[in-house]
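# Structural features, examined
Take a look at the letters that make up each chain.
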Amino acid sequence: MEGVTIRELAAFCHGRVAGTLAPEATVTGVGTDTRSIASGSVFVALKGPSFDGHGFAAEAVAKGARA
């Protein structure tokens, strides 16, 4: 995943870059679990019938996730 920018990820997902994200910042990976999220990665908040990963987004950023 090295070399992929926030802007490219947003375009791939038909999304947009918002907030204070640096569009040209590169990401190093993708994670769904804040217990093992790597610095520089993108946190994907999964939602299911008994959990909602959106509640962990701030923790993921605090641990170094770029988005």
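Residues numbered from 1 in each chain as written. Predicted model: local features only at pLDDT ≥ 70, side-chain atom pairs only at ≥ 80, totals over all residues. Heavy atoms only, no water.

## Details of the overall build of the chain
To keep it simple, the criterion reads: Secondary structure is summarised from DSSP: a helix means a run of H or I of at least four residues, a strand means a run of E of at least two, and numbering begins at the N terminus for each. The rule is simple: take the accessible area with a 1.4 Å probe, protein chains only, and divide by the maximum for that residue type; under 20% is buried, over 50% is exposed, in between is partly exposed. Every residue pair with non-hydrogen atoms within 4.5 Å of one another is taken to be in contact. Accessible surface is estimated by sampling points in the Shrake-Rupley manner with a 1.4 Å probe; for residues, cover comes only from the protein chains shown. His is not counted, nor are the chain ends, whereas Lys and Arg count as positive and Asp and Glu as negative. Here the site of a charge means atom NZ of a Lys, CZ of an Arg, CG of an Asp or CD of a Glu.
In terms of regular secondary structure, the chain is built from 2 helices and 6 strands. Reading the secondary structure of the chain in the N-to-C direction produces β-α-β-β-β-β-β-α. Taking the principal axes of the C-alpha coordinates as reference, the chain spans close to 35 × 25 × 20 Å. A buried classification covers 25% of the 67 residues belonging to the chain. Pairs at least 24 apart in sequence give 37% of the contacts found in the chain among residues at least 6 apart. Counting every atom, the chain has about 4600 Å² of accessible surface; 59% of that belongs to carbon and sulfur. Counting 6 positive and 6 negative side-chain charges, the chain places the centres of these two groups 5 Å from one another.

## A look at the side chain of T5
As for its placement among the helices and strands, T5 is situated in strand β1 (residues 4-5). If sequence neighbours within four positions are ignored, T5 has contacts with P23, E24, A25 and T26.

## Brief notes about unusual backbone geometry
Glycine aside, residues mostly have negative phi, and peptide bonds are mostly found in the trans state. With phi around 60°, H14 is a residue other than glycine that occupies positive phi space. Here H14 lies in the loop between α1 (6-12) and β2 (26-27). On the basis of relative accessibility, which here comes to 77%, the residue H14 falls in the exposed class.

## Focus on the pattern of salt bridges
Rules: Only one rule defines a salt bridge in this text: a Lys or Arg side-chain nitrogen within 4 Å of an Asp or Glu carboxyl oxygen.
Under the definition given, this model contains 3 salt bridges. As a salt-bridge pair, K63 and E59 come within 3.2 Å of each other at their nearest N and O atoms. Look at K63 and you get partly exposed, because its relative accessible area is 39%.

## Notes on the side chain of T34
Just so we agree on the cut-off: Within 3.5 Å is the distance limit for a polar contact, defined as a pair of N or O atoms, with the added protein rule that one can donate a hydrogen and the other accept it, and that residues adjacent in sequence qualify only through two side-chain atoms.
Along the chain, T34 turns up in the loop between β3 (30-31) and β4 (42-43). A distance of 3.4 Å separates the side chain of T34 from the side chain of E59, its partner in a polar contact. Among all residues touching T34, those that are not within four sequence positions of it are F43, F56, E59, A60 and K63.

## Focus on the confidence of the model for the chain
For the record, the criterion: Confidence of the predictor at the level of single residues is given by pLDDT, which spans 0 to 100.
Scored by pLDDT, the chain comes out at a mean of 90, with 97% of its residues at no less than 70. Confidence scores differ between elements of the chain, with β2 showing the lowest mean pLDDT of 90 and strand β5 (residues 47-48) the highest of 94.

## Topic: the environment of G55
Position of G55 among the secondary structure elements: in the loop between β6 (51-52) and α2 (57-62). Residues G55 and T32, 23 residues apart in the sequence, show an inter-C-alpha distance of 12 Å.

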